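Listed here are the chains, written in short residue letters.
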Amino acid sequence: MNAIEQLKQWVKESDNIVFFGGAGVSTESGIPDFRSVDGLYSQKYDYPPETILSHTFYMEHPEEFFRFYRDKMLALDAKPNAAHLKLAELEAAGKVKAVVTQNIDGLHQAAGSKKVLELHGSVHRNYCRKCGKLYDARQVLEMEGVPRCTCGGQIKPDVVLYEEGLDSATIQESIRVISEADVLIVGGTSLVVYPAAGLIDYYRKDKLVLINKSATPVDRRANLLIQDSIGQVFSQLEA
């Protein structure tokens with residue numbers, strides 16, 4: 001039995017699947033993975049993405065932070081791809097219990113997934129650091145320079161920057177769903193960013209599926225390894 005057929009069988013037999021995904025899920029919707037640094041960064045920005053997307057940089061250089069943020073992080077016209085849509089379909093069919101994601105683009109929810117645990121927050125939630133008033137991503141995109149609230153306070157995206165801690169409630173719930181899962185499908189993530197990458201250590205069963213175009217440090221632990229496009233793989237699954 002080939003890997004896709006095996007995966008199809010596990011999906012068919014299970015009603016407790018958890019999906020854990022990273023940037024590779026979104027790149028197929030046209031959202032760039034900022035870690036795959038291309039020439040554009042060095043031409044347009046004086047700092048590497050990891051520096052710009054840090055708490056210190058946000059505090060000290062807010063204008064430059066928001067220039068990068070609007071340019072690279074707010075892909076508001078992106079649409080869910082085959083993987084997002086199939087996961088929502090599998091959840092509706094009672095098979096997928098949760099999606100744990102490192103992405104901040106909200107595409108899982110746009111596809112119809114209900115139980116989405118966003119480890120790194122979401123560009124769709126923005127709040128005033130002074131009064132707490134909420135703003136959506138489109139409002140932030142259309143503001144000039146450093147976005148300001150009507151009260152004069154600075155607006156901050158509800159995304160986890162480098163040097164900031166992950167939300168403990170989201171982490172705890174992610175640990176719970178992963179530890180209770182029958183099948184854990186990990187897709188589109190290089191599994192090198194911690195603490196998120198450490199979450200798969202909580203999986204206890206023997207149906208760990210790893211779908212990624214390139215090798216990861218965890219390949220040898222996978223019960224099923226598929227090196228292919230995540231959308232290509234998911235489009236073959238049946239709810």
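Per chain, the residues get numbers from 1 upward, laid out in the order the sequence is written. Reporting of local features is limited, given that this is a predicted model, to residues whose pLDDT is at least 70; pairs of side-chain atoms are given and counted only at 80 or more, and all residues count toward the totals for whole chains, interfaces and linings. With hydrogens and water set aside, each side-chain value is computed from the structure's full complement of heavy atoms.

Mind laying out the pairing of strand β1 (residues 17–21), listing which residues take part and the relevant values?
Burial analysis of β1 places five of its five residues in the buried class, the great majority of the element. Taking every second residue as pointing to the same face, both faces of β1 are buried, with Ile17, Phe19 and Gly21 on one and Val18 and Phe20 on the other. Bridge analysis of β1 against strand β2 (residues 96–101) gives five bridges, and the strand direction is parallel. The residue of β2 that forms the bridge with isoleucine 17 is valine 96. In the sheet, β1 pairs with strand β7 (residues 183–187) via five bridges, with the strands oriented parallel. Bridging from a neighbouring strand, glycine 21 pairs with glycine 187 of β7. Relative accessibility thresholds used throughout: buried, under 20% of the residue-type maximum; exposed, over 50%; partly exposed, between the two (1.4 Å probe, protein chains only). Per the convention used, a helix needs a DSSP run of H or I reaching at least four residues, while a strand needs a run of E reaching at least two, with both numbered from the N terminus. The pairing criterion is simple: DSSP has to find at least two bridges between the two strands.

Which residues make up the state of the cysteines, and what are the values?
Here, two cysteine sulfur atoms that lie within 2.5 Å of each other are counted as a disulfide. Tallied over the full model, the rule gives zero disulfides. Summary of cysteine pairing: cysteine 128 is not part of a disulfide, and the nearest cysteine sulfur, belonging to cysteine 151, is at 3.6 Å. On the accessibility criterion, cysteine 128 (2% relative accessible area) is buried. Overall, cysteine 151 belongs to the partly exposed group, its relative accessible area being 33%.

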